[in-house]
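These are the residues of each chain, in order.
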Amino acid sequence: MLTIGKLGEAAGVKVPTIRYYEQIGLLPEPDRSAGNQRLYGQSALDRLAFIRHARELGFPLEAIRDLLSLTDNPGQSCAAADVIAKKQLAAVKARIVRLTALEAELKRMITQCAQGTVADCRVIEVLSDHSHCAQDHRTSEAAE
């Protein structure tokens, strides 16, 4: 059995994150020692490693919850897992397109900067007025 600190070390996850995952139901409530200390077994470590890896791949928490629920019935078709993974792939591709546009815009701003004074700085000018950008690269959050 592992304490929460040892579980965190083993999975590469911080203790507050483990507590958060318990709070939102991604990790089940652990057993407790006589001194009320959380105690975790191998299944908790495996589940936490799964969550961490899925987060590293950018899966949102709801998708991870859905994937974890699929693991409760290992004999079923993996079609639902494929759908979730394909949705994540589409989100990653969309992010790459956006990041590529941002890269191009930043390069353009830097190239156009005359390296003179701030009053004449193209970087400052473009950041001050979005209409100077070559394309609309705002996110829905930034546009609001």
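If you're wondering where the values come from, they're calculated on a predicted model, not measured in any experiment.

Definitions and cut-offs
- Residues numbered from 1 in each chain as written.
- Predicted model: local features only at pLDDT ≥ 70, side-chain atom pairs only at ≥ 80, totals over all residues.
- Heavy atoms only, no water.
- Helix = DSSP H or I, 4+ residues; strand = E, 2+ residues; numbered from the N terminus.
- Buried < 20%, exposed > 50% of the residue type's maximum accessible area, 1.4 Å probe, protein only.
- Contact = heavy atoms within 4.5 Å.
- UniProt positions renumbered as here; feature names shortened; annotations may be inferred.
- Domains from an automatic or database assignment.

Let's talk about the side chain of Gln88
Next, step 1: Residue placement: Gln88 occurs in helix 5 (residues 79-112).
Next, step 2: Gln88 sits in the buried class, given a relative accessible area of 7%.
Next, step 3: Residues contacting Gln88, with those up to four places away along its chain left out, are Leu57, Gly58, Phe59, Pro60 and Arg95.

Quick word on the environment of Val126
Next, step 1: Position of Val126 among the secondary structure elements: in helix 6 (residues 122-128).
Next, step 2: When the C-alpha positions of Val126 and Met109 are compared, they lie 7.2 Å apart, and in sequence the two are 17 residues distant.
Next, step 3: Other than its neighbours up to four places away in sequence, Val126 contacts Glu105, Met109, His132 and Cys133.

Focus on the UniProt feature "domain: HTH merR-type" (unreviewed entry) in the protein chain
Next, step 1: As annotated by UniProt and renumbered to match this structure, "domain: HTH merR-type" (unreviewed entry) occupies residues 1-70.
Next, step 2: Along residues 1-70 the backbone is 60% helical and 6% strand, and the end-to-end C-alpha distance reaches 26 Å.

A closer look at unusual backbone geometry
Next, step 1: One non-glycine residue, Asn36, adopts positive backbone phi at about 70°.
Next, step 2: Within the fold, Asn36 resides in the loop between strand 1 (31-32) and strand 2 (38-39).

A short note on the domain arrangement of the protein chain
Next, step 1: Domain annotation for the protein chain reports domain 1 (4-72) and domain 2 (94-143).
Next, step 2: Taking only C-alpha atoms into account, the centre of domain 1 sits 40 Å from that of domain 2.

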